[in-house]
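# Descriptive structure summary
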Amino acid sequence: ALISGTTTTCEYIPVNIRIDLTGTPPWSVSYRRNSTPAIQVTPLYASPHLVTVNESGNYNLVSVADKYCPGTVSGNALISVTPAPEVTITGLNPAYSSQTLFVPVFGNPKGGTFTPPLIEIHDTNFFSPRYSGPGMHVITYTYRDPYTGCYGYDTVVVAVLTANADIIFPENDTRKFFCYNEPAFTVSGHNTANVTGSFSISGGVGLVDNHNNTATISPSKLRSGSYTITYSYNSGGANLDVQEAFE
């Protein structure tokens, strides 16, 4: 068997290394990166076989065997990975009132693009909670390094609220009914004070507060019926809360 595929790639961009096989299928192959433990691949019924990798290093075959006999191995694939540029989005809070008109948003380094496109005024990009509407909004900034050609990304999620606080259920707040045998799900709390709040549930069981404005709810620990989740937070010295019911 022969391994090949020396190349250079960018961080987050996987590449294929190639293993050419001779003999009678099925084959069994093992390979390793540098001195890491060997990885076994079996059974293989076609040649060449492609292995997708995304870590830098020297890839070598350790062993090969076809249907009848062990074989010999040769070649190597040297994979070099160029780091992606460090990219950040700044200027955004986790949550805004739906009455907020414009919020300036900055992508670093300059020269990248926002997805979805933001409003641009005098070379400054703005996110508009009012025009975007209530819900969860995902904003991604993409930048390409002009020297390496590699891309870097940053993504933020912004909540636009119709009140000062809200509890968001799965599927962008569209699911409020769950079956007993469904897996645990996560709800998130958002407030325009942008502080960390706490969760509780009527009955006191089935909810775990993750202390990061999220809570995990286990339907299997709840009896049939309706439950109320309370999200509490402090704003300007006042203790506030918002409630949401589900079944």
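Note: the structure precedes this text.
Heads up: these notes are all about the structure in this document.

### Some remarks on the overall build of the protein
- From N to C terminus, the protein includes two helices and 24 strands.
- Expected size for 247 residues packed as a compact globule is a radius of gyration near 18 Å; at 26 Å, the protein overshoots this value by more than 25%.
- Principal-axis analysis of the C-alpha atoms places the extent of the protein at approximately 75 × 55 × 25 Å.
- A fraction of 57% describes how many contacts in the protein between residues 6 or more apart in sequence connect residues 24 or more apart.
- Carbon and sulfur atoms form 51% of the exposed surface of the protein, whose accessible area is close to 13,900 Å².
- Looking at charge distribution, the protein has the averaged site of its 11 positive side-chain charges lying 8 Å from that of its 17 negative ones.

### Things to note about the state of the cysteines
- Per the stated rule, a full pass over the model turns up one disulfide.
- Here Cys 10 pairs with Cys 150 through a disulfide, and the sulfurs are 2.0 Å apart. Taking the sign of the S-S torsion, -80° for the link of Cys 10 and Cys 150, the bridge is left-handed. Remark: Cys 150 occurs in the loop between strand S16 (135-144) and strand S17 (151-161) and Cys 10 occurs in strand S2 (residues 7-10); sequence separation between them is 140 residues.
- Taking the relative accessible area as the measure of exposure, Cys 10 reaches 18% and is therefore buried.
- For Cys 150, a relative accessible area of 0% gives the class buried.

### Focus: the sheet that holds S17
- The four strands are arranged S11-S17-S16-S13 in an open sheet whose pairing can be described as mixed. Where the open sheet ends on each side, the last strands, each with one partner, are strand S11 (95-97) and strand S13 (113-115). For this sheet, the mean inter-axis angle between neighbouring strands, taken without regard to orientation, is 30°.
- Direction of pairing for S11 relative to S17: parallel, over a ladder of three bridges. Residue pairing across strands places Ala 95 opposite Ala 159, the latter belonging to S17.

### Notes on the pattern of salt bridges
- In total, this model carries four salt bridges according to the counting rule given.
- Linking Arg 18 and Asp 20 is a salt bridge whose minimum nitrogen-to-oxygen distance equals 3.0 Å.
- Take Arg 18: its relative accessible area is 39%, and that puts it in the partly exposed class.

### Let's talk about the sheet that holds strand S10 (residues 88-90)
- Sheet architecture is open: four strands sit in the order S10-S12-S15-S14, paired in antiparallel fashion. Two strands lie at the open edges of the sheet, namely S10 and strand S14 (119-121), each paired on one side alone. Between one strand axis and the next, the sheet turns by 40° as a mean value, whatever way the strands run.

### A word on the packing of aromatic side chains
- Going through the model one piece at a time under the given rule, you end up with twelve aromatic pairs.
- The rings of Phe 169, Phe 178, Phe 185, Tyr 227 and Phe 246 are connected pair by pair, giving a single aromatic cluster.

### Points about the pairing of strand S15 (residues 124-127)
- In terms of strand pairing, strand S12 (residues 103-108) meets S15 through three bridges, oriented antiparallel. In the sheet register, Val 105 faces S15, and the bridge partner there is Asn 125.
- Strand direction decides the pairing type here: S14 and S15, joined by three bridges, are antiparallel. The partner of Glu 120 across the bridge, within S15, is Asn 125.

Cut-off values and rules
Residues numbered from 1 in each chain as written. Predicted model: local features only at pLDDT ≥ 70, side-chain atom pairs only at ≥ 80, totals over all residues. Heavy atoms only, no water. Helix = DSSP H or I, 4+ residues; strand = E, 2+ residues; numbered from the N terminus. Rg over C-alpha atoms; globule rule 2.2 N^0.38 Å. Contact = heavy atoms within 4.5 Å. Areas by Shrake-Rupley, 256 points an atom, 1.4 Å probe, with all protein chains shown as cover. Lys, Arg positive; Asp, Glu negative; His and termini not counted. Charge placed at Lys NZ, Arg CZ, Asp CG, Glu CD. Disulfide = S-S within 2.5 Å. Buried < 20%, exposed > 50% of the residue type's maximum accessible area, 1.4 Å probe, protein only. Pairing = 2+ DSSP bridges. Axes fitted to C-alpha atoms, helices over the stretch in contact; angles between N-to-C directions. Salt bridge = Lys/Arg side-chain N within 4 Å of Asp/Glu carboxyl O. Phe/Tyr/Trp six-rings, centres within 6.5 Å; stacked < 30°, edge-to-face > 60°.

These figures come from the coordinates and say nothing about function on their own.
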